[in-house]
Every structure is written in C-alpha cells, then in structure tokens.
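Below, each chain spelled out in residue letters.
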Amino acid sequence: MAEMVKSTTSSGPRAAEASPVTRFFRATEIDTRLLGMIGALIIIWIGFHIITGGLFLTPRNLWNLSVQTTDIAVMTTGMVLIIVTRNIDLSVGSVLGLCGMIMGVTQAKILPEYIGFDSPFTWAITLLVGLTAGCLIGAFQGIIIAFLNVPSFIVTLGGLLVWRGATWLVTSGQTVAPMDQTFRIMGGGAEGSIGATWSWIVGIGACLFVIASIVGSRRQRRRFGFPRRPMWAEYFLAILSCVLILGAVWIANSYYWPINIAKKYAETNNIPWPETGLDIPYGIAVPVLIAIVVGIIMTFIATRLRFGRYVFAIGGNPEAAELAGIKTRWVTVRIFALMGILAAIAAAISTARLNAATNSQGTLDELYTIAAAVIGGTSLAGGTGTIAGAMLGALVMQSLQSGMVLAHVDTPLQSVVVGTVLVVAVWLDTVYRARAK
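Every value quoted in this text rests on a predicted model; they were computed, and no experiment measured them. Along each chain, numbering runs from 1 in the same order as the chain's sequence is written. Totals for whole chains, interfaces and linings use all residues, but because this is a predicted model, local features are given only for residues with pLDDT of at least 70 and pairs of side-chain atoms are given and counted only at 80 or more. In computing side-chain values, all of the structure's heavy atoms are included and hydrogens and water are not.

Visitor: Explain unusual backbone geometry to me, please; I cannot follow it from the model alone.
Guide: Phi is mostly negative for residues that are not glycine, and the peptide bonds are mostly trans. The step from A177 to P178 runs through a cis peptide bond, and the omega angle for that step is -5 degrees. Per the convention used, a helix needs a DSSP run of H or I reaching at least four residues, while a strand needs a run of E reaching at least two, with both numbered from the N terminus. Along the chain, P178 turns up in the loop between α8 (152-171) and α9 (195-224). The residue R86 is not glycine, and still its phi comes out positive at about 70 degrees. When you line up the elements, R86 lands in the loop between α4 (59-84) and α5 (92-110). Partly exposed residues are those whose accessible area sits between 20% and 50% of the maximum for their type, while under 20% is buried and over 50% is exposed, using a 1.4 Å probe and protein chains only. Classification of R86 by relative accessible area gives partly exposed; the value is 43%. Although it is not a glycine, N355 adopts a positive phi angle of roughly 60 degrees. Inspection of the secondary structure puts N355 in the loop between α15 (328-354) and α16 (365-375).

This is the structure:
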C-alpha cells in the first residue's frame, strides 16, 4: 500500500510536467525567460502601434529603431560580464563621450595636417585611436578596482565625473564636425547601409550559419554522448530562425531612400529619373551589422573561451574561484578593458551617426546600458547573464523610448516609465530566482 501511495504521489508532478507545452520547451530547449522577453517586446510594439495610429510598426520606424539600439546594445554585451562578476560600471556613458570626442578631434583637426581630410586611412587611424583610448581607460579603472580594492561603484562613479569633464576639456566644450566620409558609414543612413542585394546575401548567409550551427551542435552531442533534441525540434528551430532572419531583411529592404537623396544619387550616376520615382532600398544598416558581429563575438567569449568560464566562476563564488587558481584580479582588469573597447565602438557608431562629436554625447547611456542588461536577465547578485538577453533588453529599452516619442509623451514622463520598468524588471528577476530555488 505504501508503495502504491509513493508511486501515485510521485507520478502526479511528472504527469503535470509532461504536458504538451512542457514537452515542447524541453525538446526545443528554448529559454523561457528569453521567450517571455520576446512576448513583452511584441506587446510593447503592438501597443505603441495602436497608440500612435499605425506609425510604430512601419519599415521606416523599425529600421530607425534598429539603428538607434546599436550603441547601447554594443555596450550592454560588456556590461553583462561586469555585472556577472558582481561589479558595476557607471562610467560607460562618459567613456563613450570622451572616446567620441577623441576620435572627432583626431579626424577633423589632427590627421588633416598630416594626411589630408579625405585620406582613405583616416577612418582606420581614427578608429584605432578611439579603441586604444577606450581600452586604456577601462584597464586603468580595472587596475584600481582589482589591485587597490576600491569598490567598482566608487571607481566608476568617479570615472563618470572625470571622463565627462575630460570630454569638455579636449575642446573646451566645442562641437567637432564634420566627420570623415568613410567613417560616417558606421553611423547608418543612406551611405551607411548595404542595399537590398547584399542584405539578402547576408540574410541567406546567416541562415546557412544557423543551420550549420545546429548540425554541428548535434554532432558534438552525439560525439560526447550528450542527449540530443528530437529531429522535429531541430527542423523547427532551423525554420523559425530562418523565417525571423529573412523577415528582418525584408523589413530592412522595404524602407526606401528619401526622394531628394535618390534624385541626387541618380544624377551622380547618370540614371534617368522615372515618372514613378526611383525606389532604392536602404537594406541592413552597417551599425546593425557591427552590433550583431559584436554580439556573436561576445557570446563566443562568454560561452566558449576559458576567459568566459572564469568570469562566470568569479561571479558564482569569488573565493572558490581564487582558490581554484583563477587570477581573479587580472580577469577583472581584462573585463573593464574590454568594456572600454566596447564603449569606444559605441562611440564610433554614435559619432558617425551624428556626424559630430559633442560634449553631451553618451549622457545617461550608463543607466540605459545597465537597465538593458538587467532587463535581459543579468542578475545583480552575479553569476548569471546572457549576451543575447542583454541585447534584447537594449531593444526593449529603445522600443519604449521610440514609442513614447512617437506618442508625444513628455520627457519627464519618459524617465518615469523607464525607471519603473527597470525596478519591475529587477523585482521579476528576484521572484524568478526565488521560485527557481
């Protein structure tokens, strides 16, 4: 009788767990938290589309939304690793501003004296100078945190003030413009997009990459004797991924150049102007491609390299990681140096998009970067976080801002909404982890 009772009580939860929805998620191994964020994003998009009278879910707005998200998305990939190790970086917005000003002065005032303004090497030298500056600033802060044992909150809070002041001192608060023509490609726009043909080529290449990754993962699991997903789940994930990728390409190609820019292009290339006009698709923006490449590289670093494993080990238990032989101090220095490089990349995108380096560039970006990482599932307690989730969190943040602008919401109220979303996201993260235990 006891055995019958034991069998009945133990099979109850198993029967409940074996529902079709549960079996589906187990088979496909889809992250339910990430899926929940996608659901929230869809609700936000549909809600703003209704509120704005059909202005939000248009190719034009979605294309602009993707470009506007890139600088925060790039920086939040590094913020994930910093928060995972139980640190914080409040200076990324100021570092972005300083690196942007350094790159602006380099290409607009320094290099023209030596190689001319239109030199084909201007953009490369400028970018190298900016990345070096960002790396040195990040490493400097990391050394203070790791070897002088000053809390990261205090160091980067000081950095927020110091680097913002340094940005002003570089040009005494003056705006530097214009930027090099090739450098401006990183900012998007008509010149900073790859067009319809190359967008389809990139999209098809991405689909092939996804399929190859799924096949490679399945072979690796079989090689090491790990459980494999059912074949139907593999096909489902491959088809779903390809549909999303090609759908994004189709939306990017559905947004056309303005008439004035198209006419100028036609005159320059001796193209006769038809009566119906000339529809030239923007295609995928270059800054979006940069953000995607950064996301892939950072995901590889976080999940495939020894450095990434060290980062999560330190976040899970710093004392145990140090006893295991991990050089935790140097890992911390490298994390902040990497964050500085990512801030410099974001500065290049922002400066190129504005076609100018300004004193206020990057203001409050540190808050949006941290918020994007937290909304994306990175735990402030350390040890947990994903690059994909953080980049999706950046898209959620920018969607809220873009939607409120289109809905003509006052700026103070926008801040209220963003702050509320951040608090709710942290609360939901706390509830989720409490239930997981």
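Visitor: Which parts of the structure should I look at to understand α8?
Guide: Since one α-helical turn is 3.6 residues long, residues separated by three or four positions face the same way. The end-to-end C-alpha distance of α8, which contains 20 residues, comes to 29 Å, matching closely the 28 Å that a straight helix rising 1.5 Å per residue would cover. Listed in full, the buried residues belonging to α8 are S152, V155, T156, G159, W163, R164, T167 and T171. Buried residues belonging to α8 abut α5, α7 (122-147) and α15. Immediately downstream of α8, the backbone of S172 shows phi near 55 degrees, a positive value. Expected helix span is given by 1.5 Å per residue-to-residue step, counting one fewer step than there are residues. Any pair of residues with heavy atoms lying within 4.5 Å of one another is described as a contacting pair.

Visitor: Explain empty space enclosed by the protein here, please?
Guide: In this approach a probe as big as a water molecule rolls over the atoms, and the regions it shows empty are the leftover space. Points on a 1 Å grid over protein atoms alone make up a cavity when a 1.4 Å probe fits among them but cannot get out, and a pocket when they form an open set with protein on both sides within 12 Å along at least five of seven lines; lining residues each have an atom within 4 Å of a point. Grid points are joined across faces, edges and corners, and a volume is the space filled by probe spheres set on the points. Applying the stated rule across the entire model yields one cavity of 30 Å³ or more. Reported here for the largest cavity is a volume of approximately 30 Å³. In terms of lining, the largest cavity is formed by D89, S91, V92, V95, G138, Q141, M339, G340 and A343. The set of elements that each furnish at least two residues to the lining of the largest cavity consists of α5, α7 and α15. Tallying contributions element by element places α15 first for the lining of the largest cavity, with three residues. Throughout this entry, Asp, Glu, Lys and Arg are counted as charged residues, while Ala, Val, Leu, Ile, Met, Phe, Trp, Tyr, Cys and Pro are counted as nonpolar. The remaining residues, Gly among them, count as polar. Across the lining of the largest cavity, the residue classes break down as four nonpolar, four polar and one charged.

Visitor: Looking at this model, I keep getting lost on the packing of aromatic side chains. Mind explaining?
Guide: Where two aromatic rings form a pair, the distance of their centres and the angle of their planes describe that pair. Between 30 and 60 degrees the pair is tilted, below 30 it is stacked and above 60 it is edge-to-face, where a pair is any two Phe, Tyr or Trp rings, Trp via its six-membered ring, whose centres lie within 6.5 Å. Taken as a whole and judged by the stated rule, the model has 11 aromatic pairs. The interplanar angle of 25 degrees and the centroid separation of 6.0 Å between the aromatic rings of F24 and W232 together place this pair among those described as stacked. Highlighted residues: F24 in helix α2 (residues 20-28) and W232 in helix α10 (residues 231-253), separated in sequence by 208 residues. Accessibility expressed as a relative area gives 27% for F24, which makes it partly exposed. Accessibility expressed as a relative area gives 45% for W232, which makes it partly exposed. The rings of F24, F25, W232 and F236 are connected pair by pair, giving a single aromatic cluster.

Visitor: What is the right way to look at the nonpolar core in this model?
Guide: Most often, soluble globular proteins keep nonpolar side chains buried together rather than apart. For the purposes of this section, nonpolar cores are sets of buried Ala, Val, Leu, Ile, Met, Phe, Trp, Tyr and Cys residues that join through side-chain atoms within 4.5 Å. Formed by 81 residues in total, the largest nonpolar core has its most connected members in M75, M79, L81, M298 and L342. Examining the composition of this core, we find that 14 residues originate from one element, α15, more than from any other. What L342 contacts, discounting residues up to four positions off in sequence, is V74, M75, T77, G78, V294 and M298. Core analysis: the second largest hydrophobic core is formed by 13 residues, V67, Y255, Y282 and V288 among them.

Visitor: I'm lost on the packing of α9 against α10 in this one. Help?
Guide: For any two helices packed against each other, the geometry comes down to the angle between their axes and how far apart the axes lie. Axis definition: a line fit to C-alpha positions, over the contact stretch in the case of helices; interaxial angles, taken between N-to-C directions, run 0 to 180 degrees. Look at α9 against α10: their axes get within 9 Å of each other, and the N-to-C directions meet at 165 degrees. By the angle between their directions, the pair α9 and α10 is classed as roughly antiparallel. Considering the relative orientation of α9 and α10, their crossing is right-handed. Contacts from G195, A196, S199, W200, G203, I204, A206, C207, V210, I211, I214 and R218 of α9 reach α10 at M231, E234, L237, A238, S241, C242, I245, L246, V249, W250 and N253. Tallied by class, the residues present in the contact of α9 with α10 amount to 16 nonpolar, five polar and two charged. Should an angle fall under 35 degrees it is called roughly parallel, over 145 degrees roughly antiparallel, and 65 to 115 degrees roughly perpendicular, with every other angle called oblique. Definitions for this section: a left-handed crossing has its near helix turned counterclockwise from the far helix by less than a right angle. A right-handed crossing has that turn clockwise.

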